[in-house]
Amino acid sequence: MGKFIYGTELNNEITNIIKNSENQLVIISPYIKLHSRLKDELNSKQNKEKLKIKVLFGKNEGDASKSLTMDDLNFFREFPNIIIN
């Protein structure tokens, strides 16, 4: 059966998923707000050429900035093997 997690437990789980990703990382969320801890973990993966990252976001089709800030979008764009939709 599925388990719902919130708050610190959710943040820890997301951090662990990023930390343990080696070949593929898929991030799907209607809203993305990257905290410094997540950015630090993602930065540790930036030079991993075999890691493919796919980011799917958005609940606001008319205004993507309501779902992802320009700072976070630019952060993601620094990765060599990334697809952002």
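Whatever comes next refers back to the structure up there.
We now turn to the structure provided with this report.

Each value, and the rule that gives it
Sequence order as written defines the numbering, with residues in each chain counted from 1. Per-residue local features are limited, in this predicted model, to residues with pLDDT of at least 70; the limit for side-chain atom pairs, both in listing and counting, is 80 or more; totals at the level of whole chains, interfaces and linings are taken over all residues. The side-chain numbers reported here are obtained from all heavy atoms of the structure, hydrogens and water having been left aside. One side-chain nitrogen of Lys or Arg within 4 Å of one carboxyl oxygen of Asp or Glu is enough to make a salt bridge. Relative accessible area decides the class of each residue, using a 1.4 Å probe on protein chains only: under 20% of the type maximum gives buried, over 50% gives exposed, and in between gives partly exposed. The way it works is that DSSP assigns letters per residue, a run of H or I at least four long becomes a helix, a run of E at least two long becomes a strand, and they are numbered from the N terminus.

**A short note on the pattern of salt bridges**
Step number 1: Tallying each qualifying case throughout the model produces 2 salt bridges.
Step number 2: Notably, a salt bridge pairs Glu-9 with Lys-3, separated by 3.0 Å at the nearest N-O pair.
Step number 3: By relative accessible area, which is 41% here, Glu-9 ends up partly exposed.
Step number 4: On the basis of relative accessible area, Lys-3 is assigned to the exposed category, the value being 63%.
Step number 5: Residue Asp-72 is joined to Lys-39 by a salt bridge in which the shortest nitrogen-to-oxygen separation is 3.4 Å. Taken together, the residues span a long stretch of sequence, with Asp-72 in helix α3 (residues 70–77) and Lys-39 in helix α2 (residues 36–43) at a distance of 33 residues.

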